[in-house]
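So the chains spell out like this:
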Amino acid sequence: MSHGQTDGHVDQVTGGAEPAGRQAAAPDAEPRPLSPTAVRDLFADRAPLGLVRLFEASVPLVLDGEPVEDEERVHADLAGPLHLTPLGRGADTVLGAFTDRAAMLEAVRREDAADEEVSPERLERARASFEHICTSNPSVLPARVCFFEDAGEQGDVKCLDPGLGYPNLSRVRRGFLSTQNWNDVISSLSWCRFDVSLFDAFDWQGNEFFARKGCNNPDLARFGWGDRAASIANWGT
């Protein structure tokens, strides 16, 4: 998948303007800090980039509370972007899709209220079995989130501290000789104390996969997000 990007980019997160062509000059070896107003700035005026490609999740897709029977029709009718997150538990897990991010966050916080405290042993069993679960005590989890090349937290790994993000994963080197990059590669996430977002376009644009705090994500392909992320953010402070 090709992710579009424009010259003369204005950095909505740090507030600085970059001259045309500067972004192509050198790889982003380090993540960028997210400003206190990053969430407001990034989601205030989202570019209608389209839905890019089908999600093809192995769990049901629910759009603004309504089950989706024909995902291709959704892609044809909506310019995007969508905000997506896993909702429910066990056999009742669905991929919740929202046209309004505030509505997604409201649904996520209702899920938070229903979470139960999970022991470290239970967390480890869930990771090993690829089971998606959440805990009510995310404060016991690491503040740093790690992204993995393969499902089950396997393969190459790239970690991200709170309050940081990568706006362009094609510039983040990967592999033994650093000859590859992280664009369209991430297949699983570690547990995290904070909310984390993945986007399928550069500069934190396009559709958003919202990995809420206290949850594991051992197999993003289950939710149609395997090998899809082009930019990422750890919203912790």
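The structure presented is a predicted model; accordingly, all values stated were derived computationally and were not measured. (Residues numbered from 1 in each chain as written. Predicted model: local features only at pLDDT ≥ 70, side-chain atom pairs only at ≥ 80, totals over all residues. Heavy atoms only, no water.)

Quick notes on the overall build of the protein chain
The secondary structure content of the protein chain amounts to 4 helices and 14 strands. Residue pairs in contact within the protein chain that sit at least 24 positions apart in sequence constitute 67% of those at least 6 positions apart. Summing over all exposed atoms, the protein chain offers an accessible surface of approximately 11000 Å²; the carbon and sulfur share of this is 50%. (Helix = DSSP H or I, 4+ residues; strand = E, 2+ residues; numbered from the N terminus. Contact = heavy atoms within 4.5 Å. Areas by Shrake-Rupley, 256 points an atom, 1.4 Å probe, with all protein chains shown as cover.)

So, the state of the cysteines
If you walk through the whole model with that rule in mind, you get 2 disulfides. Covalently, Cys 134 is tied to Cys 215 through a disulfide, its sulfur atoms 1.9 Å apart. Classification of the bridge connecting Cys 134 and Cys 215 rests on its S-S torsion, roughly 105 degrees, and on that basis the disulfide is right-handed. Placement of the pair is Cys 134 in the loop between α4 (120–129) and β6 (145–150) and Cys 215 in the loop between β13 (205–211) and β14 (231–234), with a sequence separation of 81 residues. (Disulfide = S-S within 2.5 Å.)

Some thoughts on the nonpolar core
Core analysis: the biggest nonpolar cluster contains 34 residues, and Phe 147, Ile 186, Leu 189, Leu 198 and Ile 232 have the highest contact counts within it. Elements supplying a minimum of two residues to this core: β2 (61–63), β5 (94–98), β6, β8 (164–166), β12 (196–201) and β13. Those residues in contact with Phe 147 that lie beyond four places of it in its chain are Asp 156, Val 157, Lys 158, Leu 160, Trp 182, Ile 186, Ser 188, Leu 189, Val 196, Leu 198 and Ile 232. (Core = buried A, V, L, I, M, F, W, Y, C linked by side-chain atoms within 4.5 Å. Buried < 20%, exposed > 50% of the residue type's maximum accessible area, 1.4 Å probe, protein only.)

Things to note about the confidence of the model for the protein chain
Of the residues in the protein chain, 88% reach a pLDDT of 70 or more, and the chain-wide mean stands at 85. Per-element confidence in the protein chain is highest for β14, whose mean pLDDT is 98, and lowest for α4, whose mean pLDDT is 76. (pLDDT = per-residue confidence, 0-100.)

Describing the sheet that holds β2
The strand order across the open sheet formed by 9 strands is β1-β8-β14-β12-β13-β4-β5-β2-β3, and the pairing between neighbours is mixed. On the outer flanks of this sheet lie β1 (32–33) and β3 (66–67), each paired with one strand and no other. Pairing geometry for β1 and β8, over 2 bridges, is antiparallel. Each residue of the ladder has a partner; that of Pro 33, found in β8, is Leu 164. (Pairing = 2+ DSSP bridges.)

Here's the deal with the environment of Asn 207
Along the chain, Asn 207 falls in strand β13. Relative accessible area serves as the criterion here: at 0%, Asn 207 is assigned to the buried category. With 159 residues separating them along the chain, Asn 207 and Pro 48 place their C-alpha atoms 9.7 Å apart. Every residue in contact with Asn 207, bar those within four places of it in the chain, is listed here: Gly 50, Leu 51, Phe 55, Pro 81, Leu 82, Leu 84, Leu 198, Phe 199, Asp 200, Trp 225 and Arg 228. At a separation of 3.5 Å, a polar atom in the side chain of Asn 207 contacts the main-chain carbonyl oxygen of Leu 51. Of note is the side chain of Asn 207, whose polar atom sits 2.8 Å from the backbone nitrogen of Leu 82. (Polar contact = N/O pair within 3.5 Å; in protein donor to acceptor, adjacent residues only side chain to side chain.)

A few points about the sheet that holds strand β7 (residues 154–160)
Sheets are built from strands that pair by backbone hydrogen bonding, the pairs being arranged parallel or antiparallel. Read from one edge of the open sheet, 3 strands run β7-β6-β11, paired in antiparallel fashion. Of all the strands in the sheet, just β7 and β11 (188–189) have a single pairing partner and so form its edges. Sheet topology places β6 next to β11; 2 bridges connect them, and they run antiparallel. Paired with Phe 147 across the strands is Leu 189, a residue of β11.

With respect to the pairing of strand β4 (residues 83–87)
Of all 5 residues in β4, 5 are buried, a share of seventy percent or more. Of the two faces of β4, both are covered, the one formed by His 83, Thr 85 and Leu 87 as well as the one formed by Leu 84 and Pro 86. As consecutive antiparallel partners, β4 and β5 are separated by 6 residues, and within that stretch Gly 88 has a phi angle of approximately 90 degrees, a positive value.

Describing the packing of aromatic side chains
Per the stated rule, a full pass over the model turns up 5 aromatic pairs. Between Phe 43 and Phe 199, the ring centres sit 6.1 Å apart and the planes meet at 35 degrees, which makes this aromatic pair tilted. Taken together, the positions of Phe 43 in helix α1 (residues 38–44) and Phe 199 in strand β12 put the pair 156 residues apart, joining distant regions of the chain. In this structure Phe 43 comes out as buried when scored by relative accessible area, which is 15%. Classification of Phe 199 as buried rests on a relative accessible area of 0%. Look at Phe 209 and Trp 225: their rings are 5.7 Å apart centre to centre, the planes differ by 45 degrees, and that puts the pair in the tilted class. (Phe/Tyr/Trp six-rings, centres within 6.5 Å; stacked < 30°, edge-to-face > 60°.)

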